Structure formats: C-alpha cells, structure tokens
Amino acid sequence: MSRPLHRGVSGTRNLGNNSDLWDSQVKDKTEKEDLDGNRSYQSYLSFRFPFPLLFPDNSPCKYGVTENGFASDPFSAGTPRSRHKLTMLILKLSLVVIVILALTGSFWWTISISTSSRGHIFHGYRRLQEQLVSDLWDIGELSLGASRLKEIEFCPEESENYIPCFNVSENLALGYSEGNEYDRLCGHGSRQSCLVLPPVNYKIPLRWPTGRDVIWVGNVKITGQEVFSSGSLTKRMMMLEEEQISFRSASLMFDGVEDYSHQIAEMIGLRNESNFVEAGVRTILDIGCGYGSFGAHLFSKQLLTMCIANYESSGSQVQLTLERGLPAMIGSFNSKQLPFSSLSFDMLHCARCGIDWDQKDGIFLIEVDRVLKPGGYFVWTSPLTNVQSSLRNKEKQKRWNFVRDFAENLCWELMSQQDETVVWKKTSKKSCYDSRKAGSGPSICSKGQDVESPYYRPLQNCISGTHSRRWVPIEERATWPSRSNLNNNELVLYGLHSEELNEDTANYKKAVHDYWSLLSPIIFSDHPKRPGDEDPSPPYNMLRNVLDMNAHYGGLNAALLEAGNSVWVMNVVPTSGPNYLPLILDRGYVGVLHDWCEAFPTYPRTYDMVHAEGLLSLETSQHRRCTMLDLFSEIDRLLRPEGWVIIRDTAALVEAARALTTRLKWDARIIEIESNSDERLLMCQKPFFKRQSS
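These numbers come from a predicted model, not from an experiment.

**Observations concerning the state of the cysteines**
At step 1: Counting across every chain of the model gives seven disulfides.
At step 2: Covalent S-S linkage joins Cys445 and Cys462, the inter-sulfur distance amounting to 2.0 Å. Of note, the bridge from Cys445 to Cys462 carries an S-S torsion of about 95° and is right-handed in sense. Here Cys445 is found in the loop between strand S11 (443-444) and strand S12 (462-463), whereas its partner Cys462 is found in strand S12, with 17 residues between them in sequence. Note on accessibility: Cys445 and Cys462 belong to one class, buried.
At step 3: The partner cysteine of Cys597 in its disulfide is Cys626, sulfur to sulfur 2.1 Å.

This is the structure:
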C-alpha cells in the first residue's frame, strides 16, 4: 500500500452560522452581544470577499448606546440650527475633497497608462474571470445539495471492466447489426456515478520491461479457452500459468514475431526490421493487434506501434496489450472514421485482423489510405492472399481480385507477396490520381469533405489528404529521432515558429525534472529496491503508460524521452482547443482527438500516470456539457491503483479541483510553483482499494 500524501481539503465553504448571526442582531440587547454580532458579520464579509473591505474595523464604540441598541449621536448637544450648519459644512468640504481627488486621480491615471500597465489590467481581468468561473463551478456543485459533497460510492462488481459508450447488447436492441453494434455511441446515460473497483485478485503490474512479457491473469478478463481460441497470429503467442500469462516471441503455431517482422522488412527491400527507421518508418497502426506481440517486438527497434481493435467484453486484445505496457485503444472500422488526422502513420498492419477489406465497396481500404502517409506501407496477412489456396476456391479468388484491383485504383504499388502476406506502398505523387482511367476507383474528396482531423465522422467514399500541406513522402522526412525536432520550414505547416516549440520543450524539460523530484522519494519508499536490482532512473520502475489529457505540441512526450524514461505517452488533443494533433503525429508520437465530456475509448485501469496542464482552464472557457466531477470520475476510471495524477493550472481552478479529491478518495496536495505565482500543481495518488471476495 502506498504511503498517503496529505489528503486534500474539501474546500467547502461553511455558511452554517448565518442564521444565528442575523438572529443575534435582532434579539440581543446588550452592548457586548451587539459588538460580537458586528464582528461576526465583518468576518463573514471578509471570508466571502478576498479583498479588503472599504470599511473600518469594528472597535469599541466610544459613544453611548441607547435602549434601542443604536449608538447615541455625538452631535446631539446644541440647537437643531447649529447641528444643521455643521452638517452642511461637512458635506461641502467632503464634496470639494472628492472633486479634487477625482481630478487628481484621473490625471495620474491618464498619464500612467502604458503597454505594460494595460497588460497588468488585462492580466488582472483574466484572473478575476477565472476566479468567477471557479466560484460559479463551486456554486453549481453546492446548489445540488449536501448529498453531492459525500464520497462517491464504489460500482458493483459487474462494472469492473465497464466502458461507457460501448454497450453491444443495447446497440443490438436498438437495431444495430453487421458489425455496427460494436460502434461507439455516447449518450446522456452512458456515464456511471460511481468509482470502478479492480477485480478481487488484482495485483500491481510488474515493472517494465518484465511486465511486457508477464502479466497477472487476475488483472484482465480472460478465460483459458480464449487464450487458445483462433484469431490473430500474434494473439496465440501466450501461455497461461497459475497466476500469470506469459507472452513468447515464438510458438509452435507460428514461426515467431521476429521471423515475421524480418520477412516484412525483406519484402519492402530492407535487410531486416532494424532498418525500418532508415526507410522512414516510425509509427505503425496495428489493426486487430492480437495481444500486441508485433508491437512489443518492434519497440526495441525504436518503432512505436499503436494497437486498435473492437470492443470485447472478455479476452480483449486492447486490454491485454495495455496491461503489457504497450499503446492501444478501442477503435473500429465499421462505420466511422478513426479519430486520427489524415496522413498520420508510416505503416498499417493487419495480420488476420478480422476485417473483410472487400466489403462495402472497399470503403475500409479508403480509410486505410486516409491515415497512411504518402509513401507509407500497408501490410496484410490473411489466408485470402495465399495464391495457391485462392486458385482452388473461386470465392476466395474473387475476393482477392477485388482487393488487389481496388488497391491499384488507390494508387498503391504491390511491392511483394509471399505466402499469406502482401505489402503495398502508397503513392508519393498526387499526379497518380489524375492518371487513372475515368471512372476507375474512388474520386478525390473536395476541400469540404477533406477534413484533416475528423472526430468519428461517417466513413467517406473518397480519397482524403490530397489538399493537405502535410503531403510529404515518408522518405523525404527526417528519420527518427531527428523527426521529433521539426525545423522552421516544417513548423510553418502547423502555423508555428521554432521559438514557440523551443520554449515549449524547455518548459516541459523543467516540469519533468520537477515531477520526478517530487515523485521519486515516494515511489522508492513505497517500492524498495529488491536484492540484486540495479538502481533505475526514477520513475523508470513504476511508470509505463502515461496519458497527457491536453498534449499541446507533445512537449511532455518529448521531455520524457529525452530524460531517458522508458514510457509511452497517449497524447490527447481536446476537441475544445487548438488542433495540434497533426504536429504530434508528424513528430513520431501517438495521439488522438477526444472530447473530454465523453468517455475515453479504453478499459479501466489503463494508465500509470495522468497529466493535465491547462485542461481545466480550457474546459471552463467552453460551453460545457459536463462538470468537473464528471471529468475527474473518468480520470479515476482510467487510472490504475496507486497511479498518479498531475494537474497544472491556475490557482483558483486547482483549489476547486482539490475539493473533489476527497470525494474520489484520492490522496492529494497542492504545490506552489515558484516561477509562476498564478499557477499551482495538484499532485494526487489513487489508493489501492480492494473488493472483498464474496
């Protein structure tokens, strides 16, 4: 169990004594009680308004108190006429003083305004605006009653692997079929107002890289039968032991992932898979990835493989891949475009991935073409591509001929075909589309149809990406790792200058150093070094899967890699902010577009650390369809037990966020940032709550 931090205070404002205050002002008759009431009222005002009041402090009244409880008039002596003259004189003098002060103040105000002062005024206005938003958020939460301030209850056991927006049985009842029942549908009732507990036998994952090859069977939902069931080639490369699942790179059923990837490299014209980087390949989208063995092997070759597969209630490819510490998310080709920008990946891979590429007039192949960079590769392994087998089966031969001809009409070059594996190369020249025969193949999308970063739009029956300024062949791009540092000419494509990217990189380098300085003592005290272990660079041993909820330019990802941390980052670009997803993907990272008022397409307990800089400010500036509590409940679902949350934002919003941590049962503390007094750091850890076995 992790050592708890100081638990965050609830932040609830105590307004319970107001009625007593007003009663005391009406009922109390004595001087002492009246003065106490006035002090209480003054204290209340100073609590509600964080700036000094324009009233003097309450002090003992030097005048008498009448029977009615009011102070006696100090000018009561004398005739009414003299009192009237004295009053008029005071009023006249006061008016003259006010006029003089107003003119003087106006004069000095006029001559003192400069560019810097206007900046301070605007800065102060922004701070007041953010404070107002935070207060309104608090008021909205408080207006829902005291019941909303209690700790959130735990979900029932059947919700251990619950994913909002994916409900196959409900979709079937609504009439969805032909694979569309696996689509993502986010309705108003898709969220749960409870905290998802891990399974009874859940254990903290093993440290990387051991955790890549061995996982705890109690951490995922899978049966022994599913382990040995048919499916992807790499899906079979595992064996079930007592409490663990071991993944192997070789199997009696298949020659092994290493031989397979070596074969693909040779088909492209390379010596082996270590030369993929030299050929311009860095990011790979693995469709129906099995359990991630293809990507696990290529990771050592500096290749980053993102797994996508349909939602599965049990034996999920995505869940097991993530448990191994490899990039994955739920994604489907059924009816919607993937939430990736056009021209995003250097290679797409499908090894018996279960997609019928010849169906729906080839529209799935068009989506492959959309996300594939110019000059990129599409690798397909399937019994359908086996020439000898197809010749004996006319139906198979017909289906294979359709895919082959359609790929040619997409301007893909058939590079090689061996056994069950085929490799195509996407054209690097736009002129190829104009040289096709009239009426052959899909048309070119218009500018209106060619959306660079679609968010779950219906699949398009036209070729995308040709209008993009990012149409650059992979062989003309810098190879990894130089690709992550774009030059001035490349940054122009994204509307940026090198100074902006350099500043972002420098800021995140310092931030990562600060994060590790804060986390390392706690991590190593909770997980002492075992005998014989080397000292890993913190937090190398405990953090592997990282989620950046507001990735900006991908600076956190870049800083983590430069620091030598063996992690991968899911860079999320919110739909409510500027779209820098094309930049992130072109730098050689993985990322996705997402609306944070909806559930993220992954299973519970996915990430070791969740990071969010400026996300609260971004979301509060929009017309929100969700509350801060909804956002934090989703973070809790995504976070592994003993996982970390780091939120960096304005002081007002961080204070409001800390008030929610007690409801989520997190350990939390706020840390001041010396270099920027307007920002605060909220660091939280999710405790490991265990469900009692029934």
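**Re the pairing of strand S15 (residues 590-594)**
At step 1: Of all five residues in S15, five are buried, a share of seventy percent or more.
At step 2: Burial of S15 is two-sided: the residues Val590, Val592 and His594 facing one way and the residues Gly591 and Leu593 facing the other way are all buried.
At step 3: With five bridges joining them, strand S14 (residues 568-574) and S15 adopt parallel strand pairing. Directly across from Asn571, in S15, lies its bridge partner Gly591.
At step 4: Crossover handedness for the path S14 to helix H18 (residues 581-586) to S15: right-handed.

**Comments concerning the sheet that holds strand S5 (residues 304-309)**
At step 1: Spatially, S6-S5-S4-S7-S8-S10-S9 is the arrangement adopted by the seven strands of the open sheet, whose pairing is mixed. Two strands lie at the open edges of the sheet, namely strand S6 (328-330) and strand S9 (412-418), each paired on one side alone. Each adjacent strand pair in this sheet contributes to an overall mean axis angle of 20°, direction not counted.
At step 2: As paired strands, S9 and strand S10 (residues 421-426) are joined by six bridges and run antiparallel to one another. Looking at S10, one finds that Glu413 is bridged to Lys425.
At step 3: Running over the sheet, helix H11 (residues 363-371) touches strand S4 (283-287), strand S7 (345-351), strand S8 (372-381), S9 and S10 and is turned about 135° from S8.

**Comments concerning empty space enclosed by the protein**
At step 1: All chains considered together, the criterion is met by six cavities of 30 Å³ or more.
At step 2: Quantified by volume, the largest cavity comes out at close to 110 Å³.
At step 3: Along the walls of the largest cavity sit 11 residues, with Asp183, Arg184, Gly331, Ser332 and Tyr456 positioned nearest its centre.
At step 4: Across the lining of the largest cavity, the residue classes tally to five nonpolar, three polar and three charged.
At step 5: Considering only enclosed or pocket space, the second largest cavity measures out at about 70 Å³ in volume.
At step 6: Surrounding the second largest cavity, Phe154, Leu195, Val196, Leu197, Pro198, Asp636, Pro641, Leu664, Lys686, Pro687 and Phe689 form its lining.
At step 7: Across the lining of the second largest cavity, the residue classes break down as nine nonpolar, no polar and two charged.

Reading guide: rules and limits
- Residues numbered from 1 in each chain as written.
- Predicted model: local features only at pLDDT ≥ 70, side-chain atom pairs only at ≥ 80, totals over all residues.
- Heavy atoms only, no water.
- Disulfide = S-S within 2.5 Å.
- Helix = DSSP H or I, 4+ residues; strand = E, 2+ residues; numbered from the N terminus.
- Buried < 20%, exposed > 50% of the residue type's maximum accessible area, 1.4 Å probe, protein only.
- Pairing = 2+ DSSP bridges.
- Right-handed = clockwise from strand over helix to strand, strands pointing away.
- Axes fitted to C-alpha atoms, helices over the stretch in contact; angles between N-to-C directions.
- Contact = heavy atoms within 4.5 Å.
- 1 Å grid on protein atoms, 1.4 Å probe; cavity = no way out; pocket = protein on both sides within 12 Å on 5 of 7 lines; lining within 4 Å.
- Points joined across faces, edges and corners; volume = space filled by probe spheres on them.
- Nonpolar A, V, L, I, M, F, W, Y, C, P; charged D, E, K, R; others polar.

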